[in-house]
Amino acid sequence: MIARNLIPLAILAAMVTMNCSSNKEAGPGPGTTSRVFGKTPAGETVDLYTLRNAKGAEADVSTYGGVLVSLKVPDRAGVAGDIVLGFDDLEGYLKPEPYFGALIGRYGNRIAHGKFTLDGVKYTLARNDGENSLHGGNRGFDKVLWKAKAGSGASVELTYLSKDGEEGYPGNLSITVVYTLTDDNELKIDYTATTDKDTVLNLTNHSYFNLAGQGEGDILAHQVTINADRFTPVDKGLIPTGELRSVEGTPFDFRQPHAIGERINAPDEQLKFAKGYDQNFVLNRSGDGLVLAARVTEAKSGRVMEVLTTQPGLQFYTGNFLDGTIHGKGGRAYGPRSAFCMETQHFPDSPNHPDFPTVVLKPGGQYRETTTYRFSTESAGSPAK
Ligand code: BGC
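Residues numbered from 1 in each chain as written. Predicted model: local features only at pLDDT ≥ 70, side-chain atom pairs only at ≥ 80, totals over all residues. Heavy atoms only, no water.

J.: Could you give me a rundown of the packing of aromatic side chains, with the residues and numbers involved?
T.: Think of a pair of aromatic rings as described by two things: how far the centres are apart, and how the planes are tilted against each other in angle. All told, the structure shown has 24 aromatic pairs when counted by the stated rule. Measuring from centroid to centroid gives 5.6 Å for phenylalanine 254 and phenylalanine 316, while their planes differ by 80°, and the two rings are edge-to-face. Linking phenylalanine 254 in the loop between β19 (245–246) and β20 (258–259) with phenylalanine 316 in strand β24 (residues 313–317), this pair joins segments that are 62 residues apart in sequence. Here phenylalanine 254 and phenylalanine 316 have matching classes, each one buried. Ring centres 5.1 Å apart and planes at 75° place the aromatic pair phenylalanine 347 and phenylalanine 356 in the edge-to-face group. The two residues phenylalanine 347 and phenylalanine 356 agree in class, both being buried. Through a chain of ring-to-ring contacts, three or more aromatic side chains come together here, namely Phe37, Phe87, Tyr93, Phe100, Tyr208, Tyr317, Phe321 and Tyr334. The ring of phenylalanine 254 has arginine 263 lying over it, and the distance from NZ or CZ to the ring centre is 4.8 Å. (Phe/Tyr/Trp six-rings, centres within 6.5 Å; stacked < 30°, edge-to-face > 60°. Helix = DSSP H or I, 4+ residues; strand = E, 2+ residues; numbered from the N terminus. Buried < 20%, exposed > 50% of the residue type's maximum accessible area, 1.4 Å probe, protein only. Lys NZ or Arg CZ within 6 Å of the ring centre and 35° of its normal.)

Encoded structure:
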């Protein structure tokens, strides 16, 4: 072993620089650093990875639940602000909370009665949302510890092995999720997975956005455009009926920009069932690849968020079940509609709807999806577009 004091200073300096993208002690330059976020009740250490790009944007990702804990992007004055709801400490995420920023799996959104049949075999899942199974069951991917590795630049790779039978789902499922913060102020999430048995899979991220800043009131004045001619209407339990309904003439027509609050209280059965927006939109696309799913603008900050995805659907949820009892980062109370979610996904309850795009993953196949949240700003008085 070479004694530390024998290594020439120049070589030491070079080693420190080379290690910069994963150095736990590194200062706030572009790249990736990590620190301990806390411990789970079982005593496992949870890390928090910070991704920084060259423009001063920052994303914090926790190995617990793969949660996007904070996302700081500039407003029109260039001041970075945190635009996702969540908690300052790990403790907040260990208590019951509505999936703030989490990775969701195996199945994003609901499976009716927690039941599906695959290859003639009946599977039963936990009913953790009334009669239905929601977001992977009692201990979905939002509540497991992911292994993490800093990638090159501002990125972190998370991996998790979900065992055959976990939460009632078949097959050993090996999942990799990579969060990357690009120098174009994009947060890119790449999801890949393989299985050793036929299974169903629907991964997403459950970030709650408020482009004015987390805890800065409601999102009703945000202007939203969604690239969808159709949506999947639901029953009272928020399970799709199977219909692909045209948005034409409904409060679900976001093909031109509309303020979220403009029609949210309209006398519409779908809005009543969900207490606001909480439906899956069928994205317009011709072929595979990334499409622009949605665009959201917030006038005061000037922030613009565009959502691009390879997925067929987008769950637009307006935080209808937030009621002000949860106090998040900086002690802010998160009231009704204080954030919106844009969960890119396959359609809810697809395992029970053979007409919906398939969510079946087979051995030898690879699940591969990408979603990019792209941030920019527009000047005051820009017409909504
Ligand atoms: C669902 C909502 C649910 C929320 C939090 C969304 O994906 O569509 O119905 O309340 O997640 O669990």
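Next comes the rest of the write-up.
J.: Explain the sheet that holds strand β21 (residues 278–283) residue by residue, including any values.
T.: Read from one edge of the open sheet, five strands run β19-β18-β21-β24-β25, paired in antiparallel fashion. Here the strands that pair on one side only, and so sit at the sheet edges, are β19 and β25 (341–345). Alignment of strand β18 (residues 228–232) against β19, held across two bridges, turns out to be antiparallel. By the bridge assignment, arginine 230 is partnered in β19 with serine 246. (Pairing = 2+ DSSP bridges.)

J.: How would you summarise the site of the ligand if you had to cite specific residues and measurements?
T.: Taken together, 13 residues lie around the ligand, and Asn109, Arg110, His206, Asp278 and Glu343 are the ones closest in. Asparagine 109 places a side-chain nitrogen or oxygen 3.0 Å from an oxygen atom of the ligand. In the environment of the ligand, an oxygen atom lies 2.8 Å from a nitrogen or oxygen atom belonging to the side chain of arginine 110. Compared with its free state, where it exposes 310 Å², the ligand has 95% of that area covered by protein. Grouping the amino acids of the shell around the ligand by side-chain chemistry returns six nonpolar, four polar and three charged. (Near = heavy atom within 4 Å. Polar contact = N/O pair within 3.5 Å; in protein donor to acceptor, adjacent residues only side chain to side chain. Areas by Shrake-Rupley, 256 points an atom, 1.4 Å probe, with all protein chains shown as cover. Nonpolar A, V, L, I, M, F, W, Y, C, P; charged D, E, K, R; others polar.)

J.: Any chance you could break down the layout of surface pockets for me, citing the residues and the numbers?
T.: Its boundaries defined by the atoms lining it, the largest pocket holds a volume of some 280 Å³. If you trace the largest pocket, you find 20 residues lining it, with Pro98, Tyr99, Tyr208, Tyr317 and Phe321 closest to the centre. Of the residues in the lining of the largest pocket, the class split is nine nonpolar, six polar and five charged. Roughly 180 Å³ of internal volume is contained in the second largest pocket. Considering the residues around the second largest pocket, the lining is formed by Arg285, Gly287, Asp288, Gly289, Thr310, Gln311, Pro312, His346, Thr358, Arg368 and Glu369. Taken together, the residues of the lining of the second largest pocket sort by class into one nonpolar, six polar and four charged. (1 Å grid on protein atoms, 1.4 Å probe; cavity = no way out; pocket = protein on both sides within 12 Å on 5 of 7 lines; lining within 4 Å. Points joined across faces, edges and corners; volume = space filled by probe spheres on them.)

J.: Can you tell me about the nonpolar core, naming the residues and giving the values?
T.: In this structure, Leu71, Tyr179, Ile226, Phe316 and Phe340 are the most contacted members of the largest nonpolar core, which totals 58 residues. Top element by residues in this core is strand β13 (residues 173–181). It accounts for five residues. (Core = buried A, V, L, I, M, F, W, Y, C linked by side-chain atoms within 4.5 Å.)

J.: Explain the pattern of salt bridges to me, and be specific about the residues and the numbers.
T.: Considering all chains together, one arrives at 18 salt bridges under this definition. When the shortest N-O distance is used, the salt bridge between lysine 149 and glutamate 157 registers 3.8 Å. Taking the shortest distance from any N to any O, the salt bridge between arginine 295 and glutamate 378 comes out at 3.7 Å. Placement of the pair is arginine 295 in strand β22 (residues 291–297) and glutamate 378 in the segment after β27 (367–377), with a sequence separation of 83 residues. (Salt bridge = Lys/Arg side-chain N within 4 Å of Asp/Glu carboxyl O.)

J.: Could you give an account of the confidence of the model for the protein, naming the residues involved and the relevant values?
T.: For the protein, per-residue confidence averages 93 on the pLDDT scale, and residues scoring 70 or more make up 92% of the total. Of all helices and strands in the protein, the one with the weakest mean pLDDT is helix α1 (residues 9–18) (35), whereas strand β16 (residues 204–206) scores best (99). Contacts of residues 1–26 to residues separated by more than four positions or lying in other chains number 16 contacts, the stretch itself having pLDDT below 50. (pLDDT = per-residue confidence, 0-100. Contact = heavy atoms within 4.5 Å.)

J.: Mind laying out the pairing of strand β9 (residues 121–124), listing which residues take part and the relevant values?
T.: Pairing of strand β8 (residues 115–118) with β9, which is carried by four bridges, proceeds in the antiparallel orientation. Across the sheet, residue leucine 118 finds its bridge partner in β9, namely valine 121. Hairpin connection between β8 and β9: a loop of two residues separates the two successive antiparallel strands, and aspartate 119 in this loop has a positive phi of roughly 50°.

J.: Could you give an account of the environment of threonine 159, naming the residues involved and the relevant values?
T.: Mapped onto the elements of the fold, threonine 159 is located in strand β12 (residues 155–162). When the C-alpha positions of threonine 159 and proline 336 are compared, they lie 34 Å apart, and in sequence the two are 177 residues distant.

J.: Tell me about the sheet that holds β27, and please be specific about residues and values.
T.: Ordered in space as β11-β12-β13-β14-β27-β23-β22-β17-β20, the nine strands form an open sheet in which the pairing is antiparallel. Two strands in the sheet have a free side with no partner beyond their single neighbour: β11 (147–150) and β20. In this structure, β11 lies alongside β12, joined through four bridges in antiparallel fashion. Bridge pairing in β12 places lysine 147 opposite threonine 159.

J.: Provide a residue-level description of the side chain of asparagine 205, including the pertinent values.
T.: With respect to the helices, strands and loops of the structure, asparagine 205 is situated in strand β16. A distance of 3.1 Å separates a polar atom in the side chain of asparagine 205 from the backbone oxygen of glycine 101. Only 2.7 Å separates the side chain of asparagine 205 from the side chain of serine 207, close enough to count as a polar contact. If near-sequence neighbours (up to four positions away) are discounted, asparagine 205 is found in contact with Leu68, Gly101, Ala102, Leu103, Tyr179, Ile189, Tyr191, Glu343 and Tyr373.

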